[in-house]
Amino acid sequence: MDLKYTPSEFESGIYKKWEEKGYFRSEDKSEKPPFAIVLPPPNVTGALHMGHALTCTIQDIIVRTKRMQGFNTVWFPGTDHAGIATQMVVERELAKKGVSRHDLGREKFLEKVWETADRHHDIIIDQMKTLGVSLDWERERFSLDEKFNEAVNRVFCSLHDKGLLYRGKKLISWCTRCGTALSDLEVSQEPEDGKLYYIKYSAEGSASDHVVVATTRPETLLGDTAVAVNPADKRFRRLKEKNVIIPFVERKVPVIADDYVDMEFGTGCLKITPGHDFNDYEIGNRHGLETVTVINKDGVMNENAGIFGGLKVSDARTLIIEKLKDSGALEKIEDYQLTISKCSRCGTVIEPLTSRQWFVKMDGMAAKATEAVKKGDIEFYPRGWWEQTYYNWLENIRDWCVSRQLWWGHRLPVWYCDSCDGYKISSVKPSAKCKCGKGEYFQDSDVMDTWFSAALWPFAAFGWPEKTDALKTFYPNQLMETGFDIIFFWVARMIMFGIEFMGDVPFRHVLYHAMVRDEKGQKMSKTRGNVIDPLETIKEKGADSLRFTLASHAGHARDIKLSESEITGYGNFMNKIWQASRFTFMSLDGLDTGFDLKDAVHCINKWIVSRLNSVAAEVEAKFQQYQLSDITEILYRFFWHEFCDWYIEFSKPMLASEEYGQETKYTLAYIHREILKLLHPVIPFITEELYGLNPLKDNESIMTASYPVPDKEAVDKTLEGDISLVRDMISSIRNIKSMYGITSKVDVIAISEKHGAMLEMLSGQIVKLAGLKKLDIRDASKSGAVERKGNIRSVLPDLELVIPARDIIDIEKEKTRLGKKLESVNRDLDMLAGKLKNPNFLEKARPEIIENDRNKHDELAKLRRELGDALEMLESCAVS
RNA sequence: GGGAGGUUAGCUCAGCUGGGAGAGCAUCUGCCUUACAAGCAGAGGGCCGCAGGUUCGAGCCCUGCACUUCCCACCA
């Protein structure tokens, strides 16, 4: 065994072994209870980042724990084709060579995309393996594979049959760069400095009369089909049922009254462009207005824009402003802070325009999805955090535009007739002729929103629409672990489709993880240059260090601030585990592996077993709530500050003793093995490596070992308290020695009523750990002969320590030390006494609280007496 | 505009149905004590964001405010 912890030497080998042995496998049919979780499929757009490392770590911890607990555990792997995102990555690559996707053509372009997707896929899988994920690789799927396509088509057709899918010409968000329609979610609002233009529209039949409208998009006036005012606005009464004339296109449009118009804003007069604005579109619908489209899908003004036709939107705007100025129709320009819609993928300004697209009706499914969470069929963790957000979104949901004018994705299973308006929904080309009798069917060239297929993961992954055993066993999944940023994109839609197509929710629990940020709390991004690369980190510090660090942050906060130094810090813990293991193994010569733990009698051995079981119970409780950060903290503390700092130190003389040697060796090996098991889900590599060296290992891999089940019988709180007193005693002596700068060994007289026997048993260790020459244990009832005067004293509950040190004692120092202690005791005591005197407290507080406070009070009172006594003796000492 | 978080030691965060503030890291001091200097031992450090209120008792509950992060939203 190496003297130092060097993870690079064993991590990759261990992973290979796990894979070869098939430890990640799950069974379609099994006697064991199922535990299913689907990995949120990473996009094949690039390499993994810290966010992926976090989600993988969290899921792997849960999955490994469940597997060791005896569940038929499946962690389902896959990657997502990520339609628009991946297509864009490839388009960018091509753009560097000056090639567009249209230059290549659909088929050639898709070949390129597949190449890219495959390349990224391989990188991603390798990265995940490096991190140690225990995904059931044999089940791996791709969201664009053939079987997935079947499932997607099935759902599409079925939605259509149910009347939940329709084709409609509506105003939609259009990205002119991507050349596709987008769903609401794919549009982000960004603040921008803009201008508000005040433009005169002259009234029909009156050369002098006019209205002024305020707009941020003057170029859309070409598509205006009305001007709206508030019905209550007296200023515009004269124009009721009159027309105004749109400049340039000289169109007469009506002045209409609509409550939507805010009298206070701008001029109180609103230009209505139903063809290019969502509000206007609705107002237009209310008033039966014509919709005029002036902007084409390529972002160029069309023939309806008159002399501006053929200009790009931005150029048209500049020119219009110029011409309005020239004609005197531009009243003024104000600076204005506006929010602008942009394509969340490429940042291009969104053009709302009317287009024929496919929509999924959402309200019915949304209601059921809301209900499922309200009823508790699905629970969100952290509890209650995202529920409100989820409800709000579902309650205000709009129909989902699922068609995309992209090439990379699931092709719509829609077939149009080339000679009439007829169409058919079908996964395969319809064999029959169209009703019209003449036409041939051709397939829609559009593809589906990526999230459409993503919404099927929890059941499509297990073979749906076939009724597979896997589906029967693993649906609903037990858990979905993901980022809260895709709660609408993905989680809500999985829930809706799950209920719709499987008749049950897709998963029981949803665990949301935080966003990984840099140490200053800023988002990690390449442009900021603050990215911590998981692979680099693993190479330098090992996967376990990274995993432990990430897990230590996996509480229920929304942000994680990650720093390199922290990962290094937890690397120290890995080394500590390594070193303690070295000690363990080198101490086990002559171990009887058949020893029965129940035969161990030494209080220290019983104590550490008790502590182990207490800790296992704590971990179990935290695991129930997915409080992984608490688990890492508990285990860190237990391993380092109890097992290493105290147990190992106490065990040293015991290991060599004739009487306790055997039981101590066994206990040491046993505790070591059990802690490794508790730690394994978090830090799988080092624990596997060390488990293999533990003579008590009960199988060839810790992955197949059983997770520690807390044994209540083994927990002895009294014993834990007693040992705690011994620890306090040692700490207290160390404290005194440190204060006085005593480096030599000292004598200590310990006076106790009840703890004599235990102190006697542990005297060897106490002498060593506290740095004593001699420990003299006396019975409190017969301690009269102890000379306290002029000696250093320390008082613990039922334990008084006297250090004969007349020659070194510094009266003033000692007075300060004891005085400080007394002060703090007095403070607590006053507080307690005050409480216990308060009739209101005695009357209203819960009895157990009062009882508890009384006990505390009595204990402190005793301490105070003894401290006072000690101080008094110092005084008399000073005098004499 | 609506909604949800956050504010506790220098930093990162825990703090249970309200019982009287904790951890890790960092800092300071002393130690190469034969598992570990990536270590051991000891110590210091807090108007729990501000102001009210409820209560015998508030870091925790209520109200307001400040700062901050994030969602959602059609004010031209």
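Residues numbered from 1 in each chain as written. Chains lettered and ligands numbered in written order. Predicted model: local features only at pLDDT ≥ 70, side-chain atom pairs only at ≥ 80, totals over all residues. Heavy atoms only, no water.

### Details of the packing of aromatic side chains
Any aromatic ring pair is given by two values, namely how distant the centres are and how the planes are angled relative to each other.
Piece 1. According to the stated counting rule, one finds 50 aromatic pairs in the structure shown.
Piece 2. Arranged with centres 5.1 Å apart and planes meeting at 70°, the rings of F76 and F462 form a pair that is edge-to-face. Of this pair, F76 sits in strand β2 (residues 72-76) while F462 sits in the loop between α12 (457-460) and α13 (469-474), placing them 386 residues apart in sequence. Comparing F76 with F462, the two get one shared label, buried.
Piece 3. On the basis of an interplanar angle of 70° and a centroid distance of 4.9 Å, the ring pair of F148 and W457 is categorised as edge-to-face. With F148 in helix α6 (residues 146-161) and W457 in helix α12, this residue pair connects regions lying 309 residues apart in the sequence. (Phe/Tyr/Trp six-rings, centres within 6.5 Å; stacked < 30°, edge-to-face > 60°. Helix = DSSP H or I, 4+ residues; strand = E, 2+ residues; numbered from the N terminus. Buried < 20%, exposed > 50% of the residue type's maximum accessible area, 1.4 Å probe, protein only.)

### Here's the deal with the protein's contact with RNA strand B
Piece 1. Around RNA strand B lies a shell of 54 residues, among which D262, F265, N279, Y336 and K844 are the nearest.
Piece 2. Those atoms of RNA strand B that come within 4 Å of the protein belong to sugar or phosphate at a rate of 58%.
Piece 3. In this structure, a base oxygen belonging to RNA strand B sits 2.6 Å away from a side-chain N or O atom of N279.
Piece 4. Within the side chain of K561, one N or O atom sits 3.5 Å away from a phosphate oxygen of RNA strand B.
Piece 5. Counting residues per element, the ones that place at least two in the surface near RNA strand B are β8 (210-215), α10 (387-395), β25 (559-561), α17 (564-586), α19 (628-656), α22 (717-740), α26 (839-844) and α27 (847-879).
Piece 6. The biggest single contributor to the surface near RNA strand B is α19, with ten residues. (Near = heavy atom within 4 Å. Polar contact = N/O pair within 3.5 Å; in protein donor to acceptor, adjacent residues only side chain to side chain.)

### Considerations on the packing of α19 against helix α20 (residues 661-679)
Piece 1. Interhelical geometry of α19 versus α20 gives an angle of 165° and a closest axis separation of 10 Å. Classified by the angle their axes make, α19 and α20 are roughly antiparallel. At the point where α19 passes α20, the crossing takes the left-handed sense. Each of L635, F638, F639, F643, Y647, I648, S651, M654 and L655 in α19 lies in contact with α20, whose residues at this interface are G661, T664, K665, T667, L668, I671, H672, I675, L678 and L679. (Axes fitted to C-alpha atoms, helices over the stretch in contact; angles between N-to-C directions. Parallel < 35°, antiparallel > 145°, perpendicular 65-115°, else oblique. Left-handed = near helix turned anticlockwise from the far one by under 90°. Contact = heavy atoms within 4.5 Å.)

### Section: the nonpolar core
Piece 1. If you look at the biggest cluster of nonpolar residues, it comprises 145 residues, and the most contacted ones within it are M128, I577, F643 and M729.
Piece 2. The leading source of residues in this core is α19, at 15 residues.
Piece 3. When sequence neighbours within four positions are dropped, the list of residues in contact with M729 reads A750, L759, I766, L775, L796, L799 and L801.
Piece 4. In this structure, A460, W464, F484 and I486 belong to the second largest nonpolar core, which totals 71 residues. (Core = buried A, V, L, I, M, F, W, Y, C linked by side-chain atoms within 4.5 Å.)

### Looking at the pattern of salt bridges
Piece 1. Counting across every chain of the model gives 54 salt bridges.
Piece 2. Note that R101 is salt-bridged to E91, the shortest N-O span being 3.7 Å. With R101 in helix α4 (residues 101-104) and E91 in helix α3 (residues 83-96), the pair connects residues that are ten residues apart, well separated along the chain.
Piece 3. A relative accessible area of 13% places E91 in the buried class.
Piece 4. Between K252 and E204 there is a salt bridge whose closest N-O contact spans 3.6 Å. Remark: E204 occurs in the loop between β7 (187-203) and β8 and K252 occurs in strand β11 (residues 251-257); sequence separation between them is 48 residues.
Piece 5. The class for E204 is partly exposed, based on a relative accessible area of 31%.
Piece 6. The network of salt bridges with common partners includes R611, E642, K717, E720 and R727. (Salt bridge = Lys/Arg side-chain N within 4 Å of Asp/Glu carboxyl O.)

### Structural notes on the side chain of S552
Piece 1. Its place among the elements puts S552 in helix α16 (residues 543-552).
Piece 2. Once you skip the residues sitting within four places of it in the chain, S552 turns out to touch Y570, S629 and T632.

### Brief notes about the confidence of the model for chain A
Piece 1. In this model, chain A carries a mean pLDDT of 90, and residues with pLDDT of at least 70 account for 99%.
Piece 2. Both confidence scores are given for the complex: pTM 0.93, ipTM 0.95. (pLDDT = per-residue confidence, 0-100.)

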